[in-house]
Amino acid sequence: MREFCYWLKESAAIAARALRANKSRAILTTLGIVIGIMAVATTMTVSNGLGNNFEESISSVGSDVLYVSRMPWIITGDFFRYRNRPNIKFDESEALSRRLKSARAVNPSTGTARNVKYRSNVLENAIVIGTTEAQMMMSSGVPEFGRFISAVDVHSKKFVCVIGSEIRESLFGGIDPLQRDIKIGRHSFRVIGVMEKQGGGGFFGGPNFDRQIFIPITSFNKAYGGSRRDFTIAVKAPSQEGLEEFRYELIGEMRGIRGLKPTEEDDFSINSMDSLMNAYNTVMGVVLVIGLIITSFSLFVGGIGVMNIMLVSVTERTKEIGIRKAIGARRRMILTEFLFESCGICTIGGAIGLALSYGVAALIDKLVMPAAVSLPVIMIAIGVSFAVGIVSGLMPAMRAATLDPIKALQYE
């Protein structure tokens, strides 16, 4: 064991001396590895950032909520089989609320985009959502100031609104927005609440919840028209565990409301956030694999560069290898020495590439979306660097280890 440790220590020391003796060449050789590791680490970091940002965007919506809509959120197959479906109507939500006794809440909603104005401040294309007081049961978002829409507001068709944090910052700045009137399109609404900051809306990060305005659905229908609009009906299940059974119950009630015959297929869709998240993860998994394959080409090129340099190093040190073998150096010691050298080059390059990816991640975090180099990414980057070093250095190391000492001593 002591001999083995001495052998490894000696091989590492010789490899370190060889790297110090050819600093410029070692630095240039690491460039390909630097670029490759930086590309791989950045790709994984961006992928993780996108996933976390999207998950954060939809985390405020309950996973025990089902959504009845005209179209499925994820369309597979023939699009034209969905486009002629009838819109979900407002009165269908009322019928569903009466018939579906096991539901904890039924909430119809619809939306539009309108410019919002307060005095001279204008915010374009804010998301205006007509909803009911049941919205509070469908998501974890709550008002930071004031209150949310009440049943009285809905029943009385009051022109009141609850605004998102971005709406407040854009229109009011440091002014208290409560009980002030804003123009949503051509209609005036009084602000009764401000939602807490929820995030979202980053790069491929899902909807921006802070740019939304909630108004009573009856007021929405009156101001913007609801007879021809397509609604979405959110239905909260009795429990998360019985969600699938509840889905079938919901489908049966909707088919009854629409008068569908047993032989007719559904002309509506039941969606959930879980299915959206699964579809997103599938897509991002494919994107990540493709991204890693593309960025791996730079690692491949870097590995070829390391191999070539190591072959040159073997050629330059042929006589030295012959002398060492003549005085008793074993093949495994020569092999280990050159493997240490190639792994050292790649590990140094990997460390530099990882440091650069930290800088790129910080820039992305500041300008685009939350992103940070995680511990798994660091471990993978180090492991890949070491693996590239072994693969790239194996052939030169074997060539050095199998040199005939007599021919090596005669080499000029």
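Residues numbered from 1 in each chain as written. Predicted model: local features only at pLDDT ≥ 70, side-chain atom pairs only at ≥ 80, totals over all residues. Heavy atoms only, no water.

*Asks:* Please explain the overall build of the protein as it appears in this structure.
*Replies:* Each helix and strand counted, the protein has 14 helices and 10 strands in total. Taking as baseline every contact in the protein between residues at least 6 positions apart, the subset at least 24 positions apart corresponds to 77%. As displayed, the protein offers around 21200 Å² of accessible surface, 61% of which is attributable to carbon and sulfur atoms. (Helix = DSSP H or I, 4+ residues; strand = E, 2+ residues; numbered from the N terminus. Contact = heavy atoms within 4.5 Å. Areas by Shrake-Rupley, 256 points an atom, 1.4 Å probe, with all protein chains shown as cover.)

*Asks:* Honestly, the packing of aromatic side chains in this entry has me stumped. Any pointers?
*Replies:* When we look at a pair of aromatic rings, we describe it by the centre distance and by the angle of the planes. What the rule picks out here adds up to 6 aromatic pairs. Consider the rings of Y67 and W73, whose centres lie 5.2 Å apart with planes at 40 degrees: the pair is tilted. (Phe/Tyr/Trp six-rings, centres within 6.5 Å; stacked < 30°, edge-to-face > 60°.)

*Asks:* What am I meant to see in the nonpolar core here?
*Replies:* Nonpolar side chains tend to gather and get buried jointly when the protein is soluble and globular. One finds V68, V235, L250 and F268 to be the most contacted residues of the largest nonpolar core, which totals 29 residues. Mapped by element, the contributors of at least two residues to this core are β1 (65-69), β5 (160-163), β7 (187-195), β9 (232-236) and α9 (243-258). If you tally residues by element for this core, the top one is α9, at 5 residues. Among all residues touching L250, those that are not within four sequence positions of it are L66, V68, L96, L100, V235 and I270. Counting 26 residues, the second-largest nonpolar core is a separate cluster that includes I321, F338, L339 and A397. (Core = buried A, V, L, I, M, F, W, Y, C linked by side-chain atoms within 4.5 Å. Buried < 20%, exposed > 50% of the residue type's maximum accessible area, 1.4 Å probe, protein only.)

*Asks:* Even after reading the chapter, I still don't get the pairing of β1, so can you show me in this structure?
*Replies:* Put simply, side chains in a regular strand alternate between the two faces of the sheet. Within β1, 5 of the 5 residues are buried, which leaves the element mostly enclosed by the surrounding structure. Residues V65, Y67 and S69 of β1 are buried on one face, and the alternating residues L66 and V68, pointing to the opposite face, are buried as well. Relative to β9, β1 runs antiparallel, the two sharing 4 bridges. Paired with Y67 across the bridge in β9 is A234. Bridge count for β1 against strand β10 (residues 269-272) is 4 bridges, and the pairing is antiparallel. Looking at β10, one finds that L66 is bridged to S272. (Pairing = 2+ DSSP bridges.)

*Asks:* Looking at this structure, how should I read helix α4 (residues 90-99)?
*Replies:* Along an α-helix, residues three or four positions apart point the same way, because every turn accommodates 3.6 residues. What α4 keeps buried is the set E92, S93, A95 and L96. Down the axis of α4, the buried set is contained in an arc of 165 degrees. They therefore lie on one face. Turning to α4, the residues buried within the fold contact β2 (105-118), β9 and α9. (Arc of directions from axis to C-beta.)

*Asks:* Teacher, can you tell me more about the packing of helix α11 (residues 318-326) against helix α12 (residues 331-367) here?
*Replies:* The description of two helices packed together rests on the angle between their axes and the distance between the axes. At their nearest, the axes of α11 and α12 sit 10 Å apart, and the two run at 145 degrees to each other. Pair α11 / α12 crosses with right-handed handedness. For the pair α11 and α12, the contacting residues are E320, I321, R324 and K325 in the first and R331, M333, I334, E337 and F338 in the second. Classifying every residue of the contact of α11 with α12 gives 4 nonpolar, no polar and 5 charged. (Axes fitted to C-alpha atoms, helices over the stretch in contact; angles between N-to-C directions. Left-handed = near helix turned anticlockwise from the far one by under 90°. Nonpolar A, V, L, I, M, F, W, Y, C, P; charged D, E, K, R; others polar.)

*Asks:* Teacher, can you tell me more about the pattern of salt bridges here?
*Replies:* Side chains that differ in sign of charge can pair as their charged atoms come close. Evaluated as defined, the whole model comprises 12 salt bridges. The residue D153 makes a salt bridge to R147 at a minimum N-O spacing of 2.8 Å. Assessed through its relative accessible area of 1%, D153 is described here as buried. Overall, the relative accessible area of 37% leaves R147 in the partly exposed class. (Salt bridge = Lys/Arg side-chain N within 4 Å of Asp/Glu carboxyl O.)

*Asks:* Explanation requested: the packing of α4 against α9 in the structure shown.
*Replies:* Look at α4 against α9: their axes get within 10 Å of each other, and the N-to-C directions meet at 125 degrees. The angle between α4 and α9 falls in the class oblique. Crossing angle aside, the handedness with which α4 passes α9 is right-handed. Each of E92, A95, L96 and R99 in α4 lies in contact with α9, whose residues at this interface are L250, E253, M254, G256, I257 and R258. Here the contact of α4 with α9 is composed, by residue class, of 5 nonpolar, 1 polar and 4 charged. (Parallel < 35°, antiparallel > 145°, perpendicular 65-115°, else oblique.)

*Asks:* Whenever I open this one, the layout of surface pockets confuses me. Can you help?
*Replies:* Over the atoms, a rolling probe the size of a water molecule traces out where space has been left empty. Taken as a whole, the second largest pocket encloses approximately 230 Å³ of empty space. Elements represented by at least two residues in the lining of the second largest pocket include exactly α4, β2, α6 (151-156) and α8 (217-224). With 4 residues, α4 is the single largest residue contributor to the lining of the second largest pocket. Classifying every residue of the lining of the second largest pocket gives 7 nonpolar, 5 polar and 2 charged. (1 Å grid on protein atoms, 1.4 Å probe; cavity = no way out; pocket = protein on both sides within 12 Å on 5 of 7 lines; lining within 4 Å. Points joined across faces, edges and corners; volume = space filled by probe spheres on them.)

*Asks:* Explain the pairing of β5 to me, please; I cannot follow it from the model alone.
*Replies:* Burial along β5 is two-sided: the face carrying V160 and V162 and the face carrying C161 and I163 are both buried. Of the pairings in the sheet, the one linking β5 to β7 comprises 4 bridges and is parallel in character. Bridge pairing in β7 places V160 opposite R190. Sheet analysis places β5 next to strand β8 (residues 212-216), joined by 2 bridges and oriented antiparallel. Note on β8: the bridge partner recorded for I163 is I213.

*Asks:* Is there a simple way to explain the environment of E265 in this structure?
*Replies:* As for its position among the elements, E265 is in the loop between α9 and β10. You can call E265 exposed: its relative accessible area is 52%. Separated by 10 residues in the primary sequence, E265 and R255 have C-alpha atoms spaced 9.1 Å apart. If near-sequence neighbours (up to four positions away) are discounted, E265 is found in contact with R81, R255 and L260.

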